[in-house]
There are 2 protein chains.
Amino acid sequence: MKFVKIPSIVITRLSTYARNLKILEQKGVDVVSSVRLADICGTNPAQIRKDLAYFGQFGVKGVGYYVKELLFEIGKILGLDKEWRLGLVGVGNLGLALLRHTHFMNHGYTFVAAFDEKPERIDIRIGDIEVAPLEAINRLVKEKGVEIGVIAIKPVWAQKAADMLVMAGVCGIVNFAPIQLQCATHVFIENVDFSLKLDILCYRLTSARSRQRR
Amino acid sequence: MKFVKIPSIVITRLSTYARNLKILEQKGVDVVSSVRLADICGTNPAQIRKDLAYFGQFGVKGVGYYVKELLFEIGKILGLDKEWRLGLVGVGNLGLALLRHTHFMNHGYTFVAAFDEKPERIDIRIGDIEVAPLEAINRLVKEKGVEIGVIAIKPVWAQKAADMLVMAGVCGIVNFAPIQLQCATHVFIENVDFSLKLDILCYRLTSARSRQRR
DNA sequence: TAAAAATTGTAAAAAAGGTAACAAAAAAAG
DNA sequence: CTTTTTTTGTTACCTTTTTTACAATTTTTA
Ligand SMILES: NC(=O)c1ccc[n+]([C@@H]2O[C@H](COP(=O)([O-])OP(=O)(O)OC[C@H]3O[C@@H](n4cnc5c(N)ncnc54)[C@H](O)[C@@H]3O)[C@@H](O)[C@H]2O)c1
Ligand SMILES: NC(=O)c1ccc[n+]([C@@H]2O[C@H](COP(=O)([O-])OP(=O)(O)OC[C@H]3O[C@@H](n4cnc5c(N)ncnc54)[C@H](O)[C@@H]3O)[C@@H](O)[C@H]2O)c1
């Protein structure tokens, strides 16, 4: 079999498809065409069909896609058919919000550990989680089976936290700090970047305004 | 002059360049070459030069780019040479974290208003901000000059909040709710999407594991 | 049962985006 | 002062991604 590299953007879209299929499922919709789904997702039908074609054939000609079935298949592709265990580094403003956010738990993601510089200051217990000191990362990542690290500390400390997570065996990191993390190539990093999005908006608003003036 | 459409991704990279130039400036670096900057930003030098070429000539042949000057110019391009006023909808877990986050204020972004369904429940005052009921959006957006709306409420309510913001005259929205907002074409929307990033990581980890097994 | 309509999967074409290469200019070395 | 080195700005080329087009298949209509 020929190896085909799957573009990152395809994965992003698959996640969007899954999200909207879930909504359709809740609404009791059984079958959806690529045209309808594209409309909902804000993309084009051929794109959906081509994205899916990377992984196989999931539709029925003349009919469309069975919502439940496609959702299941995309879940399998993305690896959402299992529980993923998250470990949080930095239980500050943002970190607390993330821990308290129950939405993830309903979607296959569970925080199983949390770390902070000054754990004694933070008296939070959510289910099994107790905030531990940074030094405990190595032990707890293994004990609790942390697979994905979530970094929510100040940019200056973020790299060190990433290094410790990787040393402990974590291969996936979601980084909220506005800084470019440098990790070994076997480690996958995704950034969630609010300021970046603000900057993009500023540019759009600014250039829209200057276009109006002309 | 020929109109050249500037790809979205170029703007994203400009923001990254600006962020790293700021760090270089703080370190006291005066001049940087596209090779060095590319190395720091994790891209390629030709890309940086081409990105900048969309907007003009900012370097000196044989020398490189003057850090302060390039930073200033990129700031001007992105529209960061002014204060931007933000209005928050949803002062819950995430919303509070955003309000309390002072980083933005140091970078040209200021929250000037905050709205919640049950404002009486939330006793927070940060500077001039007092949490107001949703009905006050129209009045306060105008009074406080809100230019960018930040949505941090449950997905089901997000569209309504967006509509109200747009009605009040807001043309830029950063949306934290995991839902596709539908707005008029003159409104710019940027999504900050944690679950999406988690899904991408899951896919990468899953496919890396299945590759190992082979 | 036959014709028309709907819709997928995929090949081919078109568009967009990224990379390499190099002339031009400045600085450094000889 | 001349040659070599450094480095930008830009063109041409290459790669990736998106869109179009259509045969193949199923369902619906007549
Ligand atoms: N708060 C937000 O709304 C927001 C939004 C976008 C991005 N961010 C980013 O998220 C990160 C965290 O923001 P925040 O507002 O929660 O900050 P914060 O200061 O409220 O929290 C940081 C927490 O990390 C802990 N900490 C500090 N150094 C540490 C270390 N070396 N190891 C472990 N823990 C350590 C602190 O004790 C604190 O509890 C920052 O990088 C920020 O830029 C925050
Ligand atoms: N908490 C997180 O870490 C996190 C992370 C990623 C995304 N999100 C998303 O951000 C959004 C908010 O999350 P949260 O954890 O802060 O939720 P939350 O329930 O803590 O807060 C929601 C707030 O919005 C208010 N509200 C409800 N309906 C409203 C309405 N119609 N108008 C105005 N205010 C209204 C509520 O009173 C509450 O204060 C959600 O869409 C969530 O999916 C949250």
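Description of the structure in this document. Just so it is clear, the model here is predicted, and its values are computed rather than measured. (Residues numbered from 1 in each chain as written. Chains lettered and ligands numbered in written order. Predicted model: local features only at pLDDT ≥ 70, side-chain atom pairs only at ≥ 80, totals over all residues. Heavy atoms only, no water.)

**Let's talk about the sheet that holds strand 4 (residues 109–116) of chain B**
Thought 1: In space, the 7 strands of this open sheet follow the order 5-6-4-3-7-8-9 (chain B), with mixed pairing throughout. Each end of this open sheet is capped by a strand with a single partner; those strands are strand 5 (125–126) and strand 9 (188–191) of chain B.
Thought 2: Direction of pairing for strand 8 (residues 172–175) of chain B relative to strand 9 of chain B: parallel, over a ladder of 4 bridges. When the sheet's bridge partners are listed, B:Val174 is paired in strand 9 of chain B with B:Glu190.
Thought 3: Sheet contacts for helix 8 (residues 194–213) of chain A: strand 3 (84–89), strand 4, strand 7 (148–151), strand 8 and strand 9 of chain B; angle to strand 9 of chain B, the most-contacted strand, approximately 170 degrees. (Pairing = 2+ DSSP bridges. Helix = DSSP H or I, 4+ residues; strand = E, 2+ residues; numbered from the N terminus. Contact = heavy atoms within 4.5 Å. Axes fitted to C-alpha atoms, helices over the stretch in contact; angles between N-to-C directions.)

**Some details on the environment of B:Asp51**
All names here are of chain B.
Thought 1: Residue placement: Asp51 occurs in helix 3 (residues 45–53).
Thought 2: In sequence terms Asp51 and Ile11 are 40 residues apart; their C-alpha atoms lie 8.5 Å from each other.
Thought 3: For Asp51, the contacting residues outside a window of four places in its chain are Val10, Arg13 and Tyr17.
Thought 4: At 2.7 Å, the side chain of Asp51 forms a polar contact with the side chain of Tyr17. (Polar contact = N/O pair within 3.5 Å; in protein donor to acceptor, adjacent residues only side chain to side chain.)

**Here we look at the site of ligand 1**
Thought 1: Close contacts around ligand 1 come from 21 residues, with A:Asn93, A:Leu94, A:Asp116, A:Leu134 and A:Ile153 the closest.
Thought 2: Per-site note: the chains with residues close to ligand 1 are chains A and B.
Thought 3: For ligand 1, an oxygen atom lies 3.4 Å from a polar atom in the backbone of A:Val91.
Thought 4: Between A:Ile153 and ligand 1, the recorded distance is 2.6 Å, taken from a backbone N or O atom to an oxygen atom.
Thought 5: Its free accessible area being 820 Å², ligand 1 has 90% of it covered by the protein chains. (Near = heavy atom within 4 Å. Areas by Shrake-Rupley, 256 points an atom, 1.4 Å probe, with all protein chains shown as cover.)

**Considerations on helix 2 (residues 34–41) of chain B**
Residues and elements named next belong to chain B.
Thought 1: The set of residues buried in helix 2 consists of Ser34, Leu37, Ala38 and Cys41. Taken end-on, helix 2 shows its buried residues confined to a sector of 100 degrees, consistent with a single buried face. Along helix 2, exposed side chains directed more than 90 degrees from the buried face belong to Val35 and Asp39.
Thought 2: Lining the buried residues of helix 2 we find helix 1 (8–26), strand 1 (31–32), helix 3, strand 2 (65–66) and helix 4 (67–78).
Thought 3: Directly beyond the C-terminal end of helix 2, a positive phi value near 70 degrees is found at Gly42. (Buried < 20%, exposed > 50% of the residue type's maximum accessible area, 1.4 Å probe, protein only. Arc of directions from axis to C-beta.)

**Quick word on the protein's contact with DNA strand C**
Thought 1: Neighbouring DNA strand C are 21 residues, the closest being A:Ser34, A:Arg49, A:Gly59, A:Gly62 and A:Tyr65.
Thought 2: Within 4 Å of the protein, the atoms of DNA strand C are drawn from sugar and phosphate moieties in a proportion of 66%.
Thought 3: Note that a phosphate oxygen of DNA strand C is positioned 2.6 Å from one of the backbone N or O atoms of A:Ser34.
Thought 4: Note that a base oxygen of DNA strand C is positioned 3.1 Å from one of the backbone N or O atoms of A:Gly62.
Thought 5: It is helix 3 of chain B that provides the largest number of residues to the surface near DNA strand C, a total of 4 residues.
Thought 6: Among the residues making up the surface near DNA strand C, the classes are represented as 7 nonpolar, 8 polar and 6 charged. (Nonpolar A, V, L, I, M, F, W, Y, C, P; charged D, E, K, R; others polar.)

**Description of the relation of the copies chain A and chain B**
The two chain copies are connected by a rotation around an axis plus a translation along it.
Thought 1: The operation relating chain A to chain B is a screw motion whose rotation component is 180 degrees, with 0.0 Å of axial translation and a residual RMSD of 0.1 Å. Taken together, the turn and the small shift mark the pair as related by a two-fold rotation axis.
Thought 2: A symmetric contact is evident, with 100% of the interface residues of chain A recurring at the interface of chain B. (Least-squares fit on C-alpha atoms with pLDDT ≥ 70 in both.)

**Remarks on the packing of aromatic side chains**
Within a pair of aromatic rings, the relevant descriptors are the distance that separates the centres and the angle that separates the planes.
Thought 1: Under the defined criterion, the tally for this structure stands at 6 aromatic pairs over all chains.
Thought 2: A connected cluster of aromatic rings, assembled from ring pairs, spans A:Tyr54, A:Phe55 and B:Tyr203.
Thought 3: Looking at A:Lys82, its charged tip hangs above the ring of A:Trp84, at a distance of 4.0 Å from the centre. (Phe/Tyr/Trp six-rings, centres within 6.5 Å; stacked < 30°, edge-to-face > 60°. Lys NZ or Arg CZ within 6 Å of the ring centre and 35° of its normal.)

**Brief notes about the protein's contact with DNA strand D**
Thought 1: The local shell around DNA strand D holds 23 residues, among which A:Ala46, A:Lys50, B:Ser34, B:Arg49 and B:Tyr65 are the closest.
Thought 2: Here a phosphate oxygen of DNA strand D and a side-chain polar atom of A:Arg13 are 3.0 Å apart.
Thought 3: One of the side-chain N or O atoms of A:Gln47 is found 3.1 Å from a phosphate oxygen in DNA strand D.
Thought 4: Only helix 3 (45–53) of chain A together with helix 3 of chain B provide two or more residues apiece to the surface near DNA strand D.
Thought 5: Here the surface near DNA strand D is built from residues that sort into 7 nonpolar, 9 polar and 7 charged.

**Overview of the site of ligand 2**
Thought 1: Near ligand 2 there are 21 residues, and of these B:Asn93, B:Leu94, B:Asp116, B:Leu134 and B:Ile153 occur at the shortest range.
Thought 2: The residues that come close to ligand 2 belong to more than one chain, namely chains A and B.
Thought 3: Residue A:Leu98 places a main-chain N or O atom 3.3 Å away from an oxygen atom belonging to ligand 2.
Thought 4: Measuring from an oxygen atom of ligand 2, one finds a side-chain N or O atom of B:Lys154 at 3.3 Å.
Thought 5: In the complex, the protein chains occlude 90% of the 810 Å² of accessible area that ligand 2 would expose alone.
Thought 6: Elements represented by at least two residues in the shell around ligand 2 include exactly helix 5 (93–100) of chain A together with helix 5 (93–100) and helix 7 (155–167) of chain B.
Thought 7: Tallied by class, residues from the shell around ligand 2 come to 13 nonpolar, 4 polar and 4 charged.

Distances and angles like these do not, on their own, reveal function.
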